[in-house]
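Per-entry structural report
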Amino acid sequence: MPNNLMQQPLAAASAAAPNWLAAAHAEARERWQAASLPTRKTEQWKYTDVSAIDREFVPGRAVSVDAAALDARVPDCGGARLVFVNGHYDPALSSSDPAAGLHVARFADADESQATLIQAHLGSVVGMDRHLFATLNSAALSDGVFLQVDAGATVHAPVQVIWLTTAQTEAFAVNQRLLVLAGDNSAASVVETFVSFEGEAASFTNGVSEFVLQRGATLNHYRLQLETGSALHIGGVHAHLDRDATFNSFHLGMGSDLKRIDIVIEHAGEGAHAEVNGLYLPRGREHIDYHTCMEHAVPRCTSSETFRGVIADAASAVFNGRIHIHPQAQKTSAILHNRNLLTSAEAQINTKPELEIYADDVQCAHGATVAQLDELSVHYLRSRGISRDEAQVLLSFGFVNELVNAVRSEALREFLRHLLAARFSRDGAALTQEADA
Amino acid sequence: MSQELIDERIGKEYSAGFVSDIESDTLPPGLNEDVIRFISAKKDEPEWLLEWRLEAYRGWLEMATPHWAHVDHEPIDYNEISYYSSPKSFEDRPQSLDEVDPQLLEVYEKLGIPLHEQEMLAGVAVDAVFDSVSIGTTFRAKLAEAGVIFCSISEAVHEYPDLVRKYLGSVVPRRDNYYAALNSAVFTDGSFVFIPKGVRCPMELSTYFRINEAKTGQFERTLIIAEEGSHVSYLEGCTAPMRDENQLHAAVVELVALDDAQIKYSTVQNWYPGDANGLGGIYNFVTKRGVAHNRSRISWTQVETGSAVTWKYPSCILRGDDSVGEFYSVALTNNCQQADTGTKMIHLGKRSRSTIISKGISAGRSSNAYRGLVRMSPRAEGARNYTQCDSLLIGDRSAAHTFPYIESRNPSAVVEHEATTSKVSDDQLYLCQQRGLDAEKAVSMIVNGFCKEVFRELPMEFAVEAGKLLEVSLEGSVG
Amino acid sequence: MLVIENLHARIGDEDILKGLSLTVKPGEVHAIMGPNGSGKSTLGHVLSGRPGYEVTAGTITYNGEDVLALETEERARQGIFLAFQYPVEIPGVSNMEFLKASVDILREHRGEEALDAVTFMKRAREACTLANLDHSFLKRGVNEGFSGGEKKRNELLQMMLLEPSLAILDETDSGLDIDALQVVAEGVNNMRNDTRSFVLVTHYQRLLNFIKPDYVHVLADGRIVRSGDASLALHLEEHGYAWLDDEVA
Ligand SMILES: Nc1ncnc2c1ncn2[C@@H]1O[C@H](COP(=O)(O)OP(=O)(O)OP(=O)(O)O)[C@@H](O)[C@H]1O
Ligand SMILES: [Mg+2]
């Protein structure tokens, strides 16, 4: 890597990491050192400029955080909660609610059997060559979260992992890793929230999550990217689905200068199903980029994907949704929808739904649209006395709300409604209360 | 076009694959500035054009082969190709068709393109390009009456130097891309069309391209200018003999539709696709682009069944307000063919509109990709695009891909893109067979149905031909 | 009072209204009937200011104010309400949210006090009951997935909550079963008073059995070709529109 990018955080990680991570470090570091940052000429990065991370970063430091301030920014779904501040586990903010069948461990204090399990699965979903920033993540590992759901267990309360970045004086980098192992026929939910408190120094978060879903496992996953200001994020979600496994993954991106998330789902066992929905809502000069890829490697799997974006002000968004049907993957059904609204003359969207199909007996379709709000709907609202501006707010909110309504967790749905109502400057609190009254 | 002619042309296998034994004047393989000087001198070109070519060549030397297309082929050795081949009898250029070597005319008859006007399908004027040179343009007198110029580009360079100089490279700049730069350096012939203000071209114009000589490349250049309020429909057909080595075809087509003009450009591309094992065939790397001014319309219709490798994106720059761009495409690949084709619609004008209908059919072990770009620029107020991309897979070893790039920077612009895939199902086949159709006929019927939205856009006689072509190209695709 | 004089309107290049005049005084109920495509809905859309409808000649005033100079929402705030023949589905925006936004702004405009959340909810539920819609409809997306009849009743619900001074009901009775029809009729009858006026666009005399109109007009080819009292509707029901042709010609 030219400019020895990330040298300080990498050195700090070496010092802090448990010994058994050394092997994973070595290979990843070699690759990271040999690589160079992608440029606009790299197809996968055609529309996203990463030069903002080409600077010196120091490692994130543990700082103390006001619990109330944090609580105001994150959902409360009950259940176990792990909070990391600038990459450091904060026991005071965390709470464990040991549910039957669920095991939570941190890499830093994993016991021997847990370490063995982690080693067996870490990096098994996101290979070294898949994604440069996942490689960086492996190279800079010192701690992470390992969640294991026992075979046959059903865990009702979602596990929440909160990754907070908060002010430091110098630009700092944070490495965050989640590994979930869902045993045969288990069912569980995980909520990842990335959030920041605004400060003057830029931060760069590299959050990579790996999900191993064994036979018949069901996992509901939510990933909220709520960092603000100059908190940059490049990360990924990588899932491996065994036979009859179901992975439901919801994504929300809003709030900071740069966010790039790669979502790769590998259907590796027949009958696996993935549903991935997402919202991206950049404004100001923010840039959000979601790259998704459905790998259908075996027959009779299904996937459905819906992403919507509202791009305001001088913001820009990128959506790239790939469906890749391998030659053996007969009887696959895969659909993808992407809809975008530009609400300002300077807003920009680049979208590319892609199909790459090597099997004939499949049902694949995608659609992408870029449009303004429907004129007739605007008129309908105005004919009831609502002003044009207000109508646009209502309709934009409605546009994203459709996906929020499909969120399975009630607590999260409420959280999202309020958050988005505020984003679209609606009085969300009053409205939802009324509707429920 | 008569049924016999169609049958003859379509034949059973690649019937255009014969080699004509015509003595030719062929430059030895190799590419350098001297070759370009030779071509230019041979054509007695003015100094500016030679400079123009050399400039393109120097640009090309600095460029790298593009690798982004979803195709895979051996690197091309540009020094193995001959850049000029002309039938011997052309040394003393014939002044009219009557003076053209009868053997040459026979070649075109065999292809089903009789050049003698009396045999022609009334109303289609033809320019035929054989290897590097144009061998004659029919109906010139009748066209001249209407003020329409239709001749080879070489002639145009001499007879209409101002027009050529003004528009050549105005749509596809010399260094636009690797293959366009190469073409700009070494183009040998092609057609030139000029429709004056307000004129509706009285007949369809058509060009037939044929590569005959071994180891030759074909680099034709077509330039069509439709002045304000004029209309023209132009057809292009291509064939080549069957040869074991790959031959390169790198053409450039430039269309200029001034205010209120309409250009309809239809292609039936049937270059030799190589044999069932992927040996031989044409590499077809073509740059086609049109600029549409205010209220003008450019419509590309293509039926692509040939070539070993196709790399082609007929595009529209919708510069004018209320301009319209259309792209209707059927691309069929069989055996080991690879196609990466699509379009670009660049919306600059207010309320500019574009429609893209792409039908890809993949059979055998072939690979067929749609690649498109729809760009709404910040000033494209109220612009609209609708894109529909359908793929049909025949057999489980073929591949179909869709890579649509959508870039919007205008909140009032509307872009809609949809893509689907389907297969020829066993049930459909069974039903057809139940009704007494054999499997191949059944597939051909299904495929024709799949393509009808595009065929509808073709001029009548081309539509018939296109259907037949698909049938032939699909030969052996079902068990 | 609504006064329409010599109204000409077009959609694109198509002239639809060709010199339509109509006066509706406070407290009156007018029924407009006429063949398909005669321009009844167009009249409603022009009154509400729908984009794409261009007025080429004529005037519309409401209580002396030039309606055509007003934005769509300003017309609504003046008390003009149009129940759409084909209500628009707005997924994601809850009916409740929509109604609240609308009621708030109209009340503000009328100088009335804002309703607190509890009072509003109470009224919304009452209106639901009157419109014979389950309360759960308040939580659903505006018209999203509603059946034809439910959409019409949702229009009625809005009318009851917004309390317009002039309501144009464009075929609010079409596609309703007899019970639903009575619901609509009761809704209108309950709201009838000396100041509020109604324009009912309908194809069926049966609605007029329940809502007694003061006037019945026949709209054909963009103009009002015949006006009369309630008995005209009966006549039309029996004889259709063909008999008018001779008179129009
Ligand atoms: N967008 C449009 N473009 C062109 N013509 C239109 C458009 N919308 C409506 N029209 C035409 O305007 C005419 C009047 O339509 P309108 O909807 O007002 O009729 P109507 O009297 O309400 O009919 P119905 O009884 O069927 O509801 C019809 O001929 C219709 O086809
Ligand atoms: Mg109507």
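These numbers were taken from a predicted model, which means no experiment stands behind them.

Turning our attention to the arrangement of the chains. Contacts are most numerous between chains A and B, taken over all two pairs of chains that touch. The two units chain B and chain C never meet; even their closest C-alpha atoms stay 14 Å apart.

Residue and element names in this part refer to chain B. The tally for this structure, following the rule as stated, stands at 36 aromatic pairs over all chains. Their ring planes at 35° and their centres at 5.5 Å tell us that Trp 68 and Trp 311 sit as a pair that is tilted. Note that Trp 68 is positioned in the loop between α3 (47-62) and β2 (85-87) and Trp 311 in strand β15 (residues 309-312), a separation of 243 residues in sequence. Here Trp 311 and Tyr 313 contribute two aromatic rings whose centre-to-centre distance is 5.4 Å and whose plane-to-plane angle is 75°, an arrangement assigned as edge-to-face. Here Tyr 313 falls in the buried class, since its relative accessible area comes to 10%.

Often, the extent of an interface is quoted as the loss of accessible area upon association of its parts. Every contact between the two is made by 33 residues of chain A and, on the other side, 29 residues of chain B. Each partner contributes to the roughly 2,600 Å² buried at the junction of chain A and chain B, and carbon and sulfur atoms together form 50% of this total. Along the contact surface separating chain A from chain B lie zero salt bridges. Applying the counting rule to chain A against chain B returns 15 residue pairs in polar contact (both at pLDDT 80 or more). The element that contributes the greatest number of residues to the side of chain A that touches chain B is strand β19 (residues 348-357) of chain A, accounting for ten residues. The residue makeup of the side of chain A that touches chain B, split by class, is 16 nonpolar, ten polar and seven charged. Sheet topology places β19 of chain A next to strand β22 (residues 399-408) of chain B; six bridges connect them, and they run antiparallel. The residue of β22 of chain B that forms the bridge with Leu 355 of chain A is Thr 402 of chain B.

Right, let's get into helix α1 (residues 7-16) of chain A. All names here are of chain A. Taken as a whole, α1 has its buried residues at Pro 9, Leu 10 and Ala 13. One side of α1 holds all its buried residues, which, seen down the axis, span an arc of 100°. Next to the buried residues of α1 lie α2 (22-34), β1 (58-59), α5 (132-139) and β7 (172-182).

The positions that UniProt labels "domain: SUF system FeS cluster assembly SufBD N-terminal" (unreviewed entry) are, in the present scheme, residues 11-161 of chain A. Summarising residues 11-161 of chain A: 28% helix, 15% strand, and an end-to-end C-alpha distance of 25 Å.

Residue and element names in this part refer to chain C. Ordered in space as β6-β9-β10-β3-β11-β12, the six strands form an open sheet in which the pairing is mixed. In this open sheet, the two strands that pair with only one neighbour each are β6 (80-83) and β12 (223-228). Across the sheet, the mean angle from the axis of one strand to that of its neighbour is 20°, orientation sign disregarded. Pairing of strand β3 (residues 29-33) with strand β11 (residues 215-220) involves four bridges; the strand directions are parallel. Considered in β11, the bridge of Met 33 is made with Val 218.

Take the domain arrangement of chain A next. Residue and element names in this part refer to chain A. Looking at chain A, the domain boundaries give domain 1 (7-269) and domain 2 (384-437). Measuring from the centre of the C-alpha atoms in domain 1 to the corresponding centre in domain 2 gives 29 Å. Each partner contributes to the interface: domain 1 provides 14 residues, whereas domain 2 provides eleven residues. Both sides together, the interface formed by domain 1 and domain 2 hides about 980 Å², and carbon and sulfur atoms give 83% of it. When the buried surface of domain 1 facing domain 2 is broken down by residue, Tyr 222, Phe 250 and Met 254 rank first, second and third, together holding 44% of it. If you look at where domain 1 meets domain 2, you find zero salt bridges. Taken together, the links from domain 1 to domain 2 amount to one residue pair in polar contact (both at pLDDT 80 or more). Contributing elements (two or more residues each) for the side of domain 1 that touches domain 2: β10 (218-225) and β12 (246-253). Along the lines of polarity and charge, the residues of the side of domain 1 that touches domain 2 split into ten nonpolar, two polar and two charged.

Chain C puts 39 residues into the contact, and the matching count from chain A is 26 residues. Note on chain C versus chain A: buried area summed over both sides is about 2,600 Å², and carbon and sulfur give 61% of it. Of all residues in chain C, the largest losses of buried area upon contact with chain A belong to Glu 73, Val 88 and Glu 97 of chain C, amounting jointly to 20% of the total for that side. One can count three salt bridges joining chain C with chain A. As a salt-bridge pair, Arg 384 of chain A and Glu 155 of chain C come within 2.7 Å of each other at their nearest N and O atoms. Inspection of the region where chain C meets chain A yields 13 residue pairs in polar contact (both at pLDDT 80 or more). Within the residue set of the side of chain C that touches chain A, elements represented by two or more residues are α2 (72-77), β6, β7 (90-94), α3 (95-109), α4 (117-130) and α5 (148-162) of chain C. If you tally residues by element for the side of chain C that touches chain A, the top one is α3 of chain C, at eight residues.

With that out of the way, let us pick up the pairing of strand β18 (residues 338-347) of chain B. Residues and elements named next belong to chain B. The element β18 is largely enclosed, with a buried count of nine among its ten residues. Where β15 and β18 come together, four bridges link them in parallel fashion. Each bridged residue has a counterpart across the sheet, and for Thr 310 the counterpart in β18 is Ala 339. Pairing between strand β16 (residues 315-318) and β18: three bridges, direction parallel. Within the sheet, the bridge partner assigned to Cys 316 lies in β18 and is Met 345. Pairing geometry for β18 and strand β20 (residues 367-376), over ten bridges, is parallel. Following the sheet pairing, Thr 341 is matched in β20 by Tyr 370.

Calculation criteria
As a convention, each chain's residues are numbered from 1 in the sequence order in which they are written. Ligands are numbered from 1 and chains lettered from A, in the order in which they are written. Residue-level local features of this predicted model are given only where pLDDT is at least 70; pairs of side-chain atoms are given and counted only at 80 or more, and the full residue set underlies all totals for whole chains, interfaces and linings. As a rule here, side-chain values come from all non-hydrogen atoms in the structure, and water together with hydrogens is ignored. Whether two residues are in contact is decided by their heavy atoms, any of which lying within 4.5 Å being enough. The pairing test for Phe, Tyr and Trp rings, Trp by its six-membered ring, is centres within 6.5 Å, and the orientation test on the planes gives stacked under 30 degrees, edge-to-face over 60, and tilted for anything in between. To qualify as a helix, a DSSP run of H or I must reach at least 4 residues; to qualify as a strand, a run of E must reach at least 2; elements of each kind are numbered from the N terminus. Only protein chains enter the calculation, and the probe is 1.4 Å; a residue is then buried if its accessible area is under 20% of its type maximum, exposed if over 50%, and partly exposed in between. Two parts placed together each lose some accessible area under a 1.4 Å probe, and adding up what both lose gives the buried area. Salt bridge, as used here, is a side-chain nitrogen of Lys or Arg placed within 4 Å of a carboxyl oxygen of Asp or Glu. Any pair of N or O atoms that falls within 3.5 Å is considered a polar contact. Within protein, one atom must be able to donate a hydrogen and the other to accept it, and sequence-neighbouring residues count only if both atoms are side-chain atoms. Residues were grouped as follows: Ala, Val, Leu, Ile, Met, Phe, Trp, Tyr, Cys and Pro as nonpolar; Asp, Glu, Lys and Arg as charged; and all remaining residues, including Gly, as polar. For two strands to pair, DSSP has to find at least two bridges joining them. Think of the arc as the fan of directions from the helix axis to the C-beta atoms. UniProt positions are given in the numbering used here, feature names are shortened, and annotations may be inferred rather than shown by experiment. In this analysis, axes come from line fits to C-alpha atoms, helices being fitted only over the stretch in contact, and the angle between any two N-to-C directions falls in the range 0 to 180 degrees. For the domains described, the bounds stem from an automatic or database domain assignment.

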